[in-house]
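Summary of the model geometry
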Amino acid sequence: IYGYMYFKNIEKANNLISKINPDHITSSSNLKLYHFIKLNILVKQNIMTYAESVEKLKKIINYPEILNKTLLTFVEKTTLTYMTNHLLTVKDYRIAKLYKRVLKEEIVTDAPISKDFNVFRTTAAKYLSVVGEYEEAYKILLSAEKNFMESLDYVPMIHIYYYKALNELQLFNDNRYK
């Protein structure tokens, strides 16, 4: 269902998720994923605004308390990534510390990551750039770029190069960003 929603087959995703009774979902992580998908579909169908969905998701993932967690699940990372633009809009910069903490260990250890988490890294870099953390953002982007090159999945790289150029412009007094 997530795949259909992610690749914009909203009708199919909505059809499938409508068949699920959330009362029968026993895993808290799966229930969070169910609500994430359901709210995302409502936004894409123009039934709910993005801001309204973020406010509901904040309650579902226990935001801002989730920022104190040392380990995040795929669902939590995905939800935080989805929420980031809204948080930037309302000038809620608390998530920047989480991005720095979570990604620091992954990058320092060169931990293998799935390409799904490159989206998280790219969003983190964007967010850190907004709050002036250009060096941290640049490190994240270099790591994400390396991961994409190794995976041969080049499609999402436009975001990496865009944010990398913006950070190079801030960090270096030369023309490398061009």
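In case you missed it, the structure is sitting above this.
Report on the accompanying structure. Nothing here was measured: the structure is a model prediction, and the numbers come from that model.

The nonpolar side chains of a soluble globular protein tend to be buried, and buried together. Counting residues in hydrophobic clusters, the biggest one holds 41 residues, and the most contacted among them are Tyr 63, Leu 80, Met 83 and Ile 95. For this core, the secondary structure elements donating two or more residues are helix 2 (10–18), helix 3 (28–44), helix 4 (50–60), helix 5 (74–89), helix 6 (95–108), helix 7 (115–130), helix 8 (134–151) and helix 9 (157–171). Beyond its immediate stretch of four places on either side in the chain, Met 83 contacts Tyr 50, Val 54, Leu 57, Lys 58, Ile 61 and Tyr 63.

Let us look at the pattern of salt bridges. Pairs may arise between side chains of opposite charge once their charged atoms sit close together. Considering all chains together, one arrives at five salt bridges under this definition. Residue Glu 55 is joined to Lys 58 by a salt bridge in which the shortest nitrogen-to-oxygen separation is 3.4 Å. In this pair, Glu 55 and Lys 58 are both assigned in helix 4, three residues apart and thus about one turn of the helix distant. The salt bridge involving Glu 136 is made with Lys 139; its shortest N-O contact spans 3.9 Å. Here Lys 139 and Glu 136 lie together in helix 8, a separation of three residues that amounts to about one turn. Residues joined in a network through salt bridges with shared partners are Lys 32, Lys 69 and Glu 76.

Turning our attention to the environment of Val 130. Residue placement: Val 130 occurs in helix 7. You can call Val 130 partly exposed: its relative accessible area is 46%. Val 130 sits 37 residues away from Asn 167 along the chain, and the two C-alpha atoms are 9.9 Å apart. The contacts of Val 130, once residues within four sequence positions are left out, are Leu 88 and Tyr 93.

Nonpolar side chains collect at one region of the surface, where Tyr 6, Phe 7 and Val 119 lie side by side and expose about 330 Å² of accessible area between them. Residue Tyr 6 is classed as partly exposed on the basis of its relative accessible area of 43%.

Turn by turn, an α-helix covers 3.6 residues, leaving residues three or four places apart pointing in a common direction. With 17 residues, helix 3 extends 24 Å between its outermost C-alpha atoms, agreeing within 8% with the 24 Å of an ideal straight helix rising 1.5 Å per residue. Inspection of helix 3 places Tyr 34, Phe 36, Ile 37, Leu 39, Asn 40, Ile 41 and Val 43 among the buried residues, and these make up the whole buried set. Close packing links the buried residues of helix 3 with helix 1 (2–6), helix 2, helix 4 and helix 5. Two to three positions downstream of the cap, the backbone nitrogen of Ser 29 sits 3.3 Å from a side-chain oxygen, assigning the N-cap of helix 3 to Ser 27. After helix 3 finishes, the residue Asn 46 shows a positive phi value of roughly 60°.

Rules and cut-offs
Residues numbered from 1 in each chain as written. Predicted model: local features only at pLDDT ≥ 70, side-chain atom pairs only at ≥ 80, totals over all residues. Heavy atoms only, no water. Core = buried A, V, L, I, M, F, W, Y, C linked by side-chain atoms within 4.5 Å. Buried < 20%, exposed > 50% of the residue type's maximum accessible area, 1.4 Å probe, protein only. Helix = DSSP H or I, 4+ residues; strand = E, 2+ residues; numbered from the N terminus. Contact = heavy atoms within 4.5 Å. Salt bridge = Lys/Arg side-chain N within 4 Å of Asp/Glu carboxyl O. Patch = residues over 30% accessible without salt bridge, like charges linked within 9 Å, V, L, I, M, F, W, Y side chains within 5 Å. Areas by Shrake-Rupley, 256 points an atom, 1.4 Å probe, with all protein chains shown as cover. Expected span 1.5 Å × (residues − 1). Polar contact = N/O pair within 3.5 Å; in protein donor to acceptor, adjacent residues only side chain to side chain.

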